[in-house]
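# Inside the fold
Letter by letter, the chains look like this.
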Amino acid sequence: VQLTGEVASDLKLIAEAKIIVCTAKQWDTISRRWRQRKAVQSVTLFVVDDMHFLGGDAGPIMEVIISRMRFISTQKQQKGGDATQLRMIGLSASLANAREVGEWMGVSSSKGLFNFSPKVRPIPLEIYFHSFDQSNFASRLMAMGKPVYNAVMRHSERKPSIIFVPSRRQAQLTAIDLMTYYQSIEGETFLGKGAIPEEVAKIAGNLREPALQQVTTSGIGFLHDGMVESDWEQIMDLYRKGSITVLVCPVDICWKVKIVAHLVVVMGTETFDGRERRYVDYPIADLLHMMGMASRQGIDSCGKCVIMCHTPKKEHLKKLLYDPLPIESHIDHYLHDHFNSEIVTKTISCMQDAVDYITWTLLYRRLSKNPNYYNLQGTSNVHLSEHISEMVETVLGDLEASKCCQLNDDGDVSPLNLGMIAAYYYVQYETIELIAASLTAKTKVRGILEILSHASEFGNLPIRQGEEKALKILARNLPQKLPESAQFQDPRTKALVLLHCHFGRKALSTDLRTDQKRVLCDSINLIPAIVDVISSNGWLKPALAAMELSQMVVQGLWNKDNVLLQIPHFTKDILERCEAHQGEEPIESVFDILTLEDDVRNGLLRLPDEKMADVAVFCNNYPNIEMAFDVLDSDDITASDPVQISVKLEREVDDEDEEEEDIDEAQFGKVAAPLFPKEKREGWWIVVGNTKTNSLLSLKRVTLQRTQKIMLEFMAPEEPGDYNLTLFCMSDSYLGCDQEYSVPISVAVGESDDDDGDDDDSSGGDESD
């Protein structure tokens, strides 16, 4: 199975799987609570690919999961029994310190370690460097235009070629330049030998982008991350068949394209970083990956790679590409979140545990080998232990300051509520600290939206050249003004603008659309964490506002918009016709659309059949939930005593579906959300609160298939009397299907003051749980 990143569905998948394929982050999320998850403990073979990324952005997470799996294996061995020893396999580019990485993984250097020279490849690779003296980035790229064409003509011999460029815009420009040079000099095209020009022209005519249509007929294609999926598939298909022989790609999708070529040209080795406002070098792992694409095994006798770079960088690049890659640990900069998750799972319960945790990492092995890199004063055991102790104290001090954990004088560490929420939802500790500090009992949807956009998770959103101007123009046309402090070079302001554009359904450029997808996927994970922080403060209205924000993110609408706009292809004209309809009942909800006669519905919507099919899919997926509740012992509720409400949720299913015996219950709860970038399952919050006092008494989050029973428990008010509480059933995915019910309760006087005091104590303990 391939994991999805959603914990609930992933746990079901791994329970039945024999082979699990996932990213390092997904496995970190699942394996954090390994003591409770038997499937994690039962892993007997652990394969880690691309281990040279230990030195890159994904390195700290990779280092943590490898250390954790070794720790789990050791714990199982110590307990004895018939525990099978974990086998671990690491695959990587050629490493300078492979022996050390192998020893850290528990690999025997004499039996299990194989480290080859970078020159050893499935087929030989000829590398050509072409350096340019122009110091200006744009001038240098312009100067590379003709040499790229010459490289393709000289080295490719009409065989497939891939050209990597710094940006999406440059991909389009380079493709047009290549077409122009070839037609003006040779009068020919780059179409493959067996390609039929008429067929290629026909496929090109179906492509959405005009520039892509133009170059495809000349045997050149270009790709980028924001392309329509159908265009991407058609271009890849033409390349694989050999109909087009040249493919131009931005460097940021080098890991996404699963293709090989005879020739790879890297046109420049720098790209613009808007956050730092400068040009930065490509990561060396990306360069190695691009070079590795020049490898058509079984077809070519050798591959060719041309690297075009700035002259001062040539010797440095040669050394990096010809010699094995040195790997250093970066986990010392990312320890906070990993420590927090281990404190929550009780792996770290004191300072000494935290020091022991460090000894399982690659960092511990590298500290004495490269002390200057890690700012060590010396390499003796005393220096080493002092450095690690100081590191641990700093990290635990920061976690305590952010109220994620509690330290006592003896050095014991215990988790706090905020730390538990951060670990459960895989949220950075800085984000959870910001959420807790910024929320108040009066925070509305707009305030929660601003808090959400300031999450640390959005801190590494790319800011491309010229994007600040585009964001300012977008912000000018938003229905709600941005805060005064908004800085357009700040990735967090960008996240806020992109969320506003999503709710207003505004058209965006290709690059911004790609970033918006990422913001939406991160937001849907952050909002439940915000809800949990609000509920631990006992505030009702902000919690309901955060739940509405979740619905807005999934459906791409403001909470004040007409709920019918969720339905695919519904426009303001259709809404006006629905409002003007003189039927028995006004058309106000999705259910009203379903109950219309077919001819009436067709007359109101006036949509072609394929669009009508999309409307039908959405309306049939739209949840119709019956909710019943019962207050247990409602006649015997006394002040400050526990109150229990039994709630039963049941999904209404069509009579036709009921008759089908082989109905697939797994399909229940699949969200129809055309504007949300990935598949989502329904979630529901069941909330009991007092709207008069703005107090949230109890909250449970459930995933519903057919039926579900839950029990809500809370403490009765301290003052006797009649109270009118409200029970809410809130969706996390759809607008307009929330329900609320009045729950009247009568609270009698407690038996005695002493009993009340005891109950208060037990209440405090219950809340801390």
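This one's a predicted model, so the numbers in the text were calculated from it and none came from an experiment.

## Observations regarding the overall build of the chain
The helix and strand inventory of the chain stands at 29 helices and 19 strands. Scaling as 2.2 N^0.38, a compact globule of 769 residues should have a C-alpha radius of gyration of about 27 Å, and the chain matches this with 30 Å. For the chain, the spread of C-alpha atoms along the principal axes amounts to about 95 × 80 × 55 Å. Taking all 769 residues of the chain together, the buried fraction comes to 48%. Of the contacts made within the chain by residues no fewer than 6 positions apart, 70% connect residues no fewer than 24 positions apart. With an accessible surface of roughly 37900 Å², the chain has 47% of that area assigned to carbon and sulfur atoms.

## Section: the packing of aromatic side chains
On inspection of all chains with the given rule, the structure shows 19 aromatic pairs. Consider the rings of F129 and Y322, whose centres lie 6.2 Å apart with planes at 85°: the pair is edge-to-face. In this pair, F129 sits in strand β3 (residues 125-132) while Y322 sits in helix α12 (residues 314-322), placing the two residues 193 residues apart along the sequence. Overall, the relative accessible area of 15% leaves F129 in the buried class. Its relative accessible area of 35% is what places Y322 among the partly exposed residues. Residues Y373 and Y374 carry aromatic rings whose centres are separated by 5.0 Å and whose planes lie at 80° to one another, so their mutual orientation is edge-to-face.

## As for the pattern of salt bridges
Under the counting rule described, the total for this entry stands at 29 salt bridges. As a salt-bridge pair, D522 and R518 come within 3.7 Å of each other at their nearest N and O atoms. Remark: R518 and D522 occur in helix α22 (residues 510-537); sequence separation between them is four residues, near one turn of the helix. Via salt bridges that share partners, R168, R464, E467, K494, D511 and D515 belong to a single interconnected network.

## Topic: unusual backbone geometry
The backbone of Y426 sits at a positive phi, close to 60°, despite the residue not being glycine. As for its placement among the helices and strands, Y426 is situated in the loop between α17 (417-425) and α18 (429-438). A positive phi angle, close to 55°, is found at R505, a residue other than glycine. Mapped onto the secondary structure, R505 falls in the loop between α21 (491-504) and α22.

## Here's the deal with the sheet that holds strand β18 (residues 721-731)
As summarised here, the arrangement of the four strands in space is β16-β15-β18-β19, forming an open sheet in which the pairing is antiparallel. What marks the edges here is a single partner per strand, and that holds for β16 (695-702) and β19 (739-747). In this sheet, adjacent strand axes meet at a mean angle of 20° when their direction is disregarded. Sheet strands in contact with helix α23 (residues 541-555) are β15 (684-690), β16 and β18, and its direction is about 15° off that of β18.

## Overview of the confidence of the model for the chain
Per-residue confidence for the chain gives a mean pLDDT of 86, with 95% of residues at or over 70. Segment residues 658-662: pLDDT under 50, and two contacts once partners within four positions in sequence are set aside and those in other chains are kept. Below pLDDT 50 for its whole length, residues 753-769 participates in eight contacts with residues either more than four positions away or in separate chains.

## Let's talk about the environment of I196
You can see I196 is positioned in the loop between α7 (168-185) and α8 (197-205). For I196, a relative accessible area of 41% puts it in the partly exposed group. In this structure, the C-alpha to C-alpha distance between I196 and S139, residues 57 residues apart in sequence, is 38 Å.

## Points about the nonpolar core
Core analysis: the biggest nonpolar cluster contains 136 residues, and F339, I432 and I686 have the highest contact counts within it. V40, V101, C254 and L263 belong to the second largest nonpolar core, which has 96 residues in total.

## Points about the environment of R154
Topologically, R154 is positioned in helix α6 (residues 137-155). In this structure R154 comes out as exposed when scored by relative accessible area, which is 61%. Taking the C-alpha atoms as reference points, R154 and M69, 85 residues apart in sequence, are found 50 Å from one another.

## With respect to the side chain of D732
In this fold, D732 is placed in the loop between β18 and β19. A polar contact of 2.9 Å, which involves the side chain of D732, links it to the side chain of K680. Reaching out from D732, the side chain makes a polar contact with the backbone nitrogen of G683 at a distance of 2.9 Å. When neighbours within four sequence positions are excluded, D732 is seen to be in contact with S550, Q551, V554, K680, R681, E682, G683, W685 and R701.

## So, the side chain of T638
Among the structural elements, T638 can be located in the loop between β13 (625-631) and β14 (642-651). A polar contact is formed between the side chain of T638 and the side chain of D641, at a distance of 2.5 Å.

## So, α7
In a regular helix each residue adds 1.5 Å, so 18 residues correspond to 26 Å; α7 covers 26 Å between its end C-alpha atoms and thus fits that length. Remark: G187 follows α7 within two positions and exhibits a positive phi of approximately 70°.

## As for the environment of S92
Mapped onto the secondary structure, S92 falls in the loop between β2 (87-90) and α5 (98-104). Distance in space between the C-alpha atoms of S92 and I637 is 65 Å, their sequence separation being 545 residues. Non-local contacts of S92, meaning those with residues more than four positions away in its chain, are made with M51 and H52.

Cut-offs applied
Residues numbered from 1 in each chain as written. Predicted model: local features only at pLDDT ≥ 70, side-chain atom pairs only at ≥ 80, totals over all residues. Heavy atoms only, no water. Helix = DSSP H or I, 4+ residues; strand = E, 2+ residues; numbered from the N terminus. Rg over C-alpha atoms; globule rule 2.2 N^0.38 Å. Buried < 20%, exposed > 50% of the residue type's maximum accessible area, 1.4 Å probe, protein only. Contact = heavy atoms within 4.5 Å. Areas by Shrake-Rupley, 256 points an atom, 1.4 Å probe, with all protein chains shown as cover. Phe/Tyr/Trp six-rings, centres within 6.5 Å; stacked < 30°, edge-to-face > 60°. Salt bridge = Lys/Arg side-chain N within 4 Å of Asp/Glu carboxyl O. Pairing = 2+ DSSP bridges. Axes fitted to C-alpha atoms, helices over the stretch in contact; angles between N-to-C directions. pLDDT = per-residue confidence, 0-100. Core = buried A, V, L, I, M, F, W, Y, C linked by side-chain atoms within 4.5 Å. Polar contact = N/O pair within 3.5 Å; in protein donor to acceptor, adjacent residues only side chain to side chain. Expected span 1.5 Å × (residues − 1).

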